[in-house]
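One letter stands for each residue in the lines below.
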Amino acid sequence: MRFLHTADWHLGKLLHGVHLTDDQRVLLDQLIDVASDAEPDLLIVAGDVYDRSVPPAGAVELLDDVLSRIVLDLGIPIVAIAGNHDSPDRLDFGSTLLRRQQLHVYSKLRAEPGRLTLEDEHGPVHVVGLPYAEPSRARNVFEDPSIKTHDDVLAAQATSARATLPDGDRSIAVGHVFTQGGELADSERPLAVGGAETVHPSRFDGFDYVALGHLHRRQAVGDPRIQYAGSLMKYSFNEVHHDKSVHLVDMDAQGTCHVERVPLVPERDLRRLEGPLSEILDGPAADEDPQDYLWVTLTDEGPVVDAMSRIREVYPNALHVERTRRGDVRTLGSADSDVQSQSVDTVFEHFFEHVTDGESLTDAHQDVLGDAIDRMHKEQRAV
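Our subject in this report is the structure included herewith. Residue indices begin from 1 for each chain and proceed along its sequence in written order. The predicted origin of the model limits local features to residues at a pLDDT of at least 70 and limits the giving and counting of side-chain atom pairs to 80 or more, whereas totals for whole chains, interfaces and linings rest on all residues. Hydrogens and waters are ignored; side-chain quantities use all the structure's heavy atoms.

1. Concerning the sheet that holds strand β14 (residues 226-228)
Moving on, step 1. Taken in spatial order, the 6 strands line up as β7-β8-β9-β12-β14-β13 in an open sheet, and their pairing is mixed. Both outer strands of the open sheet, β7 (115-120) and β13 (219-220), are each paired with one neighbouring strand and no more. At least two DSSP bridges between two strands are needed for those strands to be called paired. Every helix listed is a DSSP run of H or I at least four residues long, and every strand listed is a run of E at least two residues long, numbered separately from the N terminus.

Structural data, given as C-alpha cells:
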C-alpha cells in the first residue's frame, strides 16, 4: 500500500501581517502533482488544516479547491483530522456526506475513534483518526475523571482504537500531538503549560505507521514508525534551515514502511540577512531571490535612517528589520537604576554602550557630546 503523509497546512496563516495564501496555493499545487505522479491509495492530513478556528474566506476556498482536485479529479481518498488550530465543529460540517465521496474527516473526539479500512493485495489496512482534544473534553467523552494530560488523552484514544482492530491486521494511526523527544520550532502553538503537553511514544505501540502533525520540522521520534511530515511551508524565521517535504510511504505485507521525503519548493523562501545596511542594499547573490521573505539584522554602528523603506527597494518582501544587540536592554543604566539621578552625559554614555555593543565614547565623541549638552542647556535657559 502506498500513501502520502502531510500535516500542518495552516491555511490562512499570516506572517508578520502578510497573508500566505498564494504561497500555500503554489505548494499545494506541487502536492497535487506529487499525488498525480505517485498514484497513492490514500492522502493523510494530520491536523492543523487551518491556522485558526475561524479561517478567512480565501483559505476556505483554497481548501475546497485542493480537496476537490485530489478526491474527485484524481480519485484519491483523504483522511484528515483536526489539530489544535482547527475548529472541530467547522471541520466536521458535512462530514457524513463527504465520506461518501471518500473525504474522511475525523475532527471530533469520540469514544470509538473513526476508522477507514482500505485493501491492497496483502489484505486490509486500517487507518485510525485520533484528532486533537483537550483533557477536559476527553474526560467527558471517555467518562474518565483521571484524564488530566494530553498523554492521558492519547492513551485513552489509542487503547480504544486498538480494541477495534482485528489481530494481525496492519494499521496506521493519524494524530496531532507533541511526542516526547520531538524537536519544536517556534511557530507551533503550545498545547499546555510545562510537560503536560507531551505524550510518550509508547502510546503508539501496535500501529505499523504513525502519521503525526503539530511539530513543524520533519522528523522521526523514538522509532522509525513514528513520523512527523512537518509543515507545508516555513512559518517562522526560526525555520529558515528547515527543508519542507511530504512523506511518500510504501507499506509492505508485514507493515514495514519505507519513507521517501518528496521536497516542496516555495515560490518565496524565508531567509535571514545580517550585515551593514550598505551590504544589504547591494542586493542578493546570484543564487538568492530578491522576492523572498526576509528578516534583516543590521550591524551598523551609527544611526540608520528609514532602513525598512530602503531595504524594500531591493527586497520588496522584507518583513522585519532590527539592530544587532549583544547585551540586554537592562544594561542601560544598570549601574544605577534611577536614571533621574544621573547626569545627562552618564545616561548617554550608557545608551551609547548599549547601541554599539559595549563600545565606549572616544575623546572626540565626548567633545561632541559636551558641545551638544551645552547647547541644550542654553536653549532651555532661553525659554
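2. What about the sheet that holds strand β16 (residues 257-263)?
Moving on, step 1. In space, the 6 strands of this open sheet follow the order β6-β5-β4-β1-β15-β16, with mixed pairing throughout. The open sheet is flanked by β6 (103-106) and β16, the only strands paired with a single partner. Sheet twist, expressed as the average angle between the axes of neighbouring strands with direction ignored, equals 20°.
Moving on, step 2. Sheet topology places strand β5 (residues 78-81) next to β6; 4 bridges connect them, and they run parallel. Paired with Ala 80 across the bridge in β6 is Val 105.
Moving on, step 3. On top of the sheet, helix α1 (residues 21-38) reaches β1 (2-6), β4 (42-46), β15 (245-251) and β16; it is set at about 170° to β1, its chief contact.
Moving on, step 4. Only heavy atoms enter the contact rule, under which two residues are in contact if any of them lie within 4.5 Å. As a rule, the C-alpha atoms of each element are fitted with a line to give its axis, helices using only the stretch in contact, and angles between N-to-C directions run from 0 to 180 degrees. Where helix α2 (residues 57-73) meets the sheet, its contacts fall on β4, β5 and β6, and the angle it forms with β5 comes to roughly 145°.

3. A few points about empty space enclosed by the protein
Moving on, step 1. Put plainly, a pocket is an open set of points on a 1 Å grid over the protein atoms alone with protein on both sides within 12 Å along at least five of seven lines, a cavity is a set where a 1.4 Å probe fits but cannot get out, and a lining residue has an atom within 4 Å of a point. Grid points are joined across faces, edges and corners, and a volume is the space filled by probe spheres set on the points. Summed over the entire model, instances satisfying the criterion amount to 2 cavities of 30 Å³ or more.
Moving on, step 2. Here the largest cavity defines a volume of roughly 50 Å³.
Moving on, step 3. Pro 131, Tyr 132, Ala 133, His 150, Val 153, Leu 154, Gln 157, His 176 and Val 177 together form the lining of the largest cavity.
Moving on, step 4. When residues in the lining of the largest cavity are grouped by element, the largest group, 4 residues, is from helix α6 (residues 150-164).
Moving on, step 5. Of the pockets and cavities examined, the second largest cavity occupies roughly 40 Å³.

4. Re the pairing of strand β8 (residues 123-130)
Moving on, step 1. Exposure is judged per residue with a 1.4 Å probe applied to protein chains only, and the accessible area is read against the type maximum: over 50% gives exposed, under 20% gives buried, and values in between give partly exposed. Burial analysis of β8 places 7 of its 8 residues in the buried class, the great majority of the element.
Moving on, step 2. With 6 bridges joining them, β7 and β8 adopt antiparallel strand pairing. The partner of Glu 119 across the bridge, within β8, is Pro 124.

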